[in-house]
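The residues making up each chain are set out below.
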Amino acid sequence: MESKAMNKKSVGKFLVDWAAVIALIACLIMFSVLCRKNFASSSNMVNIMRAMAINTVFGIAATVTMAPDGFDMSAATLASCSAYAFVSGYLWFGFSVPGSILFCIVVTLVMYQLTMFLILVCKIPDMLATCALMFVHQGLGQWYIGGGAVSTGMKTSWGADPARIQLSDGFNAIGRAPWIIIIMFACVAVAHIFLTYTKHGRFLYAMGGNKEAARLSGINVKKYRYLAGMITAVFIAIAGILVSSRGSSAQVMCCDDYLMPSLAAVFVGRTVGGAEKPNAVGTLIGAALVSTLENGLTILAVPYYVLPAVKGAVLALALIAAYATKKEN
Amino acid sequence: MENYTLETRHVSIEFPGVKALDDVNFSVSTGEIRAVVGANGAGKSTLMKVLAGANPTYTGDVLLNGEKVDLREPVDAKKLGIQIVYQEVDTALIPTLSVAENIMINEMVMQGSYIMKWKYVREEAKKALDRLNIHNINVRTLVQNLTLAQKQMVLIARAVRMDCRFLILDEPTAPLSTSETEELFRIVRKLRETENIAVIFISHRLNEILEICENYTVMRNGRIVDNSPVTEKTTTQEIVEKMLGRSIAENFPKEACPIGDDMLVVDHLSGADGKVKDVSLHVRKGEIVGIAGLVGAGKSELCKTLFGDYKKTGGTVKINGRELKIRTPSDAVRQGIALVPEERRKEGVLVNETVSFNLSAASLGDYCKASFINQKKVNANATKLVDELGIKTPSINQYVRNLSGGNQQKVAVGKWLAADEDVYIFDEPTKGVDVGAKRDIFRLINDIAKRGKAVIYASCENSELLSLTDRIYVMYSGRIVAELETSEASDPRITNFSVGGTEDKKQAANT
């Protein structure tokens, strides 16, 4: 009797733990059957991966923040600023592509100091601090670009002629297959290795699990929250670079819409493999699930404006899996 | 193996108005299992916190092998090999990490290496568990999936993994089942024999102490009153007598009032995640019924299960013969049950609201017209209650957070008076309340009984139960183990039942 109950419980747990993976496989099979060759071709698989790359990198940034129980609402607006910095570095100042990347990462890190200042020094709860910063980022960023997009054929925000008038192939290659996909997998791998195989990563999870116990174990919780913030900033910068390279410009607020899909990816991935905490591989699977759904439904000619409802439903299901199984109290 | 002795000399701790520890001379040596017993508030936990470095304000000396040591930080104690496993295991564990990481966390922090040596961590954690002969815990499991007993094992493994000479176990058996307790005892004995560790064992369950300890220390009112070895002749009664001494009689007699028919009848109630087991009781109109028992016996859980806050898994609750369907506190209030909870600030009053709002919070519907609050009526009610209850507040618009503990408690009681329920449940209403306010609260409870209501009064202060109640149920490990007429009850009798003792008929006849 008891073992039967245990069995039932462990089967249920298995289903919850692997729900996202099962759903992903089910989607792949379903669309392969429904759409025939249009879906299951290798070129379409590349399509899906290209589409999910940016979401995944944003998701990885959110994963690192959320591992120590942090939260960053302003990740996407900061990424817009990173994008402005990247493209302006290349076009306006004439930096090389690596130089522009470096410039972009430095700018993002510097701007993230403000986030860390509000959270660690002023002790404002993450959610509220970053909520305020969303508007700060939007305002500062647009002040820098003078209210218009940073793209070829436009003057600098102070009216001077830009140093370059064209984007090189190298610039554009970053945002296209195969590089965008390689960068995505690299980000996932780096985050996974950091969170799983370094003690710093384990300390971040320790803080996320029980901050007080972590502190009493001798972990410098402020230092590690700061470290998590800096790593997040680097991933945000990379995301901004991908967005602008893919769009061959930095449009006004070009990244702002990526916040919610990336958070969805993290939440969907939380339970993968029984991890019960934000994790890099889970986030990858979460992003893949959302992109596969979008891709498959588009091929099936479902109108694009219905897709958000589907995405929302997937997120809701993931959250049900995560919370409905929790014991009361 | 080297032997160590840990001593305290003239250690005192004073909190405002109370001497929590008063000139305590305590001693424990490696290879010994020593029990520390005492009633609630006797100072056991305070003393253990001193030894664990968590109570830096002590005066007097702590000595290790005769040499003075300073224990002002938990780290100081850990360095000397003093490890403590607190009763609330969840505060020290990280639920989302694996067992291995939880056992090894201190070492991970100290280590210079940046790379996580998963294999090493898992193997060492496994070794630590093996050392305790624990084989049913997989080191890869997340701690949140463990049972309470297993979590405790993880903490003990963490403690012995480090340099451990003195292991303090603060009420380790309170949440454990019998078989789990036996498992713990086996581990404790093994530690003493093979590792030459001193184990300091705090427990309210005296028969356990007789089973496992060699020596016991009795504390009362912040002092050590006795140190004795446990022999075959030692009895729980003997220890109970030492624990209680002469208790200061506080007299707040129940005023006579007519007692009517059964109002509340509870049959075979179980719930609160197994912390309430098969409880049957009944309360008559105008009767005050006490629930006695030690901290952790399940009194609060019983109160909250009756109130619908904890999940009921079996049994029935009836008021005036009508069976209640209670799944949430809101159901309970609608069907005539009021609860004044133990954690007053957290659960009983809205500290950031005014006195007048609090006093009408439970019956706000009565002061509303089409959902709009009639402030005049609310204020009139508040003024009346503040007068009746003797709540000391500059005005009814004062925020409750600014009142003293006793007056906050009166507000918590007062909000139910306005609501006019059938059954009133009080959970430790006098906790942290001064004598004057206590008297007012007792008067209040008396008044409620006189109005023909049924009152349940849960408290671990036996003297209060003895003076205020008509009948007393004693709880132990979630069950009601005795029902006593207050006129026939005594403090030793109640205490004896609440530590799991039984009495034969001859003794009962004598008391």
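These numbers were taken from a predicted model, which means no experiment stands behind them.

The helix and strand inventory of chain B stands at 18 helices and 22 strands. Expressed as a percentage of the 511 residues in chain B, the buried residues total 47%. Partitioning the contacts of chain B with sequence separation of at least 6, the portion at a separation of at least 24 is 69%.

Here we take up the sheet that holds strand S10 (residues 223-229) of chain B. Residues and elements named next belong to chain B. In spatial order, the strands read S6-S7-S8-S3-S9-S10; together these 6 strands make up an open sheet with mixed pairing. Each edge of the open sheet carries a strand with a single partner, namely strand S6 (82-85) and S10. For this sheet the average axis-to-axis angle between neighbouring strands, irrespective of direction, equals 20°. As judged from the 6 bridges shared by strand S9 (residues 215-220) and S10, these two strands associate in the antiparallel manner. From the neighbouring strand, arginine 220 faces S10, where its bridge partner is arginine 223. The strands that helix H1 (residues 44-51) touches are strand S3 (33-38), S6, strand S7 (166-170), strand S8 (198-202) and S9; relative to S7, the one it contacts most, it runs at about 150°. Contacts from helix H8 (residues 236-244) reach S3, S9 and S10, with the element oriented near 35° to S9.

Residue and element names in this part refer to chain B. Of note, glutamate 32 is situated in the loop between strand S2 (18-29) and S3. C-beta crowding within 10 Å serves as the criterion here: with 19 such atoms nearby, glutamate 32 is assigned to the partly exposed category. A C-alpha to C-alpha distance of 43 Å links glutamate 32 and lysine 438, two positions 406 residues apart in sequence. Look past the residues within four positions of glutamate 32 in its chain and what remains in contact with it is Ala198, Glu214 and Asn215.

Turning our eyes to something else, we now look at unusual backbone geometry. Looking along the chain, the bond that leaves Ala177(A) and enters Pro178(A) is cis, with omega of 5°. You can see Pro178(A) is positioned in the loop between helix H8 (169-173) and helix H9 (179-197). A positive phi angle is found at Asn133(B), which is not glycine, with a value near 60°. Checked against the element boundaries, Asn133(B) lands in the loop between helix H4 (118-131) and helix H5 (148-161). Positive phi values are uncommon outside glycine, yet Glu171(B) reaches one of about 45°. Here Glu171(B) lies in the loop between S7 and helix H6 (178-195). In this structure Glu171(B) comes out as buried when scored by C-beta crowding, with 20 C-beta atoms within 10 Å.

This brings us to the packing of H9(A) against helix H12 (residues 221-247) of chain A. What describes two packed helices is the angle between their axes and the distance between those same axes. Residue and element names in this part refer to chain A. At a minimum axis distance of 12 Å, the contact between H9 and H12 shows a crossing angle of 170°. Relative to H12, H9 is oriented roughly antiparallel. Residue-level contacts link Ile180, Ile183 and Cys187 of H9 to Phe235, Ile238, Leu242 and Arg246 of H12. Of the residues in the contact of H9 with H12, the class split is 6 nonpolar, no polar and 1 charged.

Further remarks concern the interface of chain B and chain A. Where the parts come together, the accessible area they lose is often given as the size of the interface. The interface is formed by 18 residues belonging to chain B together with 20 residues belonging to chain A. It is helix H3 (residues 99-110) of chain B that contributes the most residues to the side of chain B that touches chain A, 5 residues altogether. Grouping the amino acids of the side of chain B that touches chain A by side-chain chemistry returns 13 nonpolar, 3 polar and 2 charged.

What follows concerns the confidence of the model for chain B. Considering every residue of chain B, the mean pLDDT works out to 84; 93% of them sit at 70 or more. Note that residues 505-511 of chain B has pLDDT below 50 and, in this model, 3 contacts with residues that lie over four places away or in other chains.

Residue and element names in this part refer to chain B. Under the domain assignment, chain B is made up of domain 1 (5-244) and domain 2 (262-510). Spacing between the C-alpha centres of domain 1 and domain 2 amounts to 34 Å. Opposite the 11 residues of domain 1 that make contact, domain 2 presents 11 residues. The biggest single contributor to the side of domain 1 that touches domain 2 is H8, with 5 residues. In the side of domain 1 that touches domain 2, the residues fall into 4 nonpolar, 5 polar and 2 charged.

With that out of the way, let us pick up the sheet that holds strand S22 (residues 479-485) of chain B. All names here are of chain B. Ordered by their spatial adjacency, 6 strands build an open sheet running S16-S19-S20-S13-S21-S22, and the pairing between neighbours is mixed. Edge positions in the sheet fall to strand S16 (337-340) and S22, since each of these pairs with one other strand and no more. Between one strand and the next, the sheet's axes are offset by a mean angle of 20°, whatever the strand orientation. For strand S13 (residues 288-292) and strand S21 (residues 471-476), the ladder comprises 4 bridges, and the chain directions are parallel. Residue pairing across strands places glycine 290 opposite isoleucine 472, the latter belonging to S21. Most of the contacts of helix H9 (residues 299-306) go to strand S19 (residues 423-427), to which it runs at about 150°, and overall it touches S13, S16, S19, strand S20 (454-458) and S21.

We now examine the nonpolar core. If you look at the biggest cluster of nonpolar residues, it comprises 168 residues, and the most contacted ones within it are Val57(A), Ala239(A) and Leu289(A). When sequence neighbours within four positions are dropped, the list of residues in contact with Ala239(A) reads Ile54(A), Val57(A), Phe58(A), Ala61(A), Ala79(A) and Cys255(A). Counting 74 residues, the second-largest nonpolar core is a separate cluster that includes Val266(B), Ala338(B), Val378(B) and Val455(B).

Within a regular beta strand, the side chains point alternately toward one face of the sheet and then the other, so they alternate between its two faces. Residues and elements named next belong to chain B. Of the two faces of S6, both are covered, the one formed by Ile82 and Ile84 as well as the one formed by Gln83 and Val85. Note: S6 against S7, 4 bridges, orientation parallel. In the strand pairing of S7, glutamine 83 is matched with leucine 167.

What follows concerns the confidence of the model for chain A. Scored by pLDDT, chain A has a mean of 89; 95% of the residues are at 70 or more. When the elements of chain A are averaged for pLDDT, helix H1 (residues 2-17) of chain A gives the smallest value, 66, and helix H6 (residues 97-121) of chain A the largest, 96.

So, how was this worked out
Residues numbered from 1 in each chain as written. Chains lettered and ligands numbered in written order. Predicted model: local features only at pLDDT ≥ 70, side-chain atom pairs only at ≥ 80, totals over all residues. Helix = DSSP H or I, 4+ residues; strand = E, 2+ residues; numbered from the N terminus. Buried ≥ 20, exposed ≤ 12 C-beta atoms within 10 Å, placed from the backbone. Contact = placed C-beta atoms within 7 Å. Pairing = 2+ DSSP bridges. Axes fitted to C-alpha atoms, helices over the stretch in contact; angles between N-to-C directions. Parallel < 35°, antiparallel > 145°, perpendicular 65-115°, else oblique. Nonpolar A, V, L, I, M, F, W, Y, C, P; charged D, E, K, R; others polar. pLDDT = per-residue confidence, 0-100. Domains from an automatic or database assignment. Core = buried A, V, L, I, M, F, W, Y, C linked by C-beta atoms within 7 Å.

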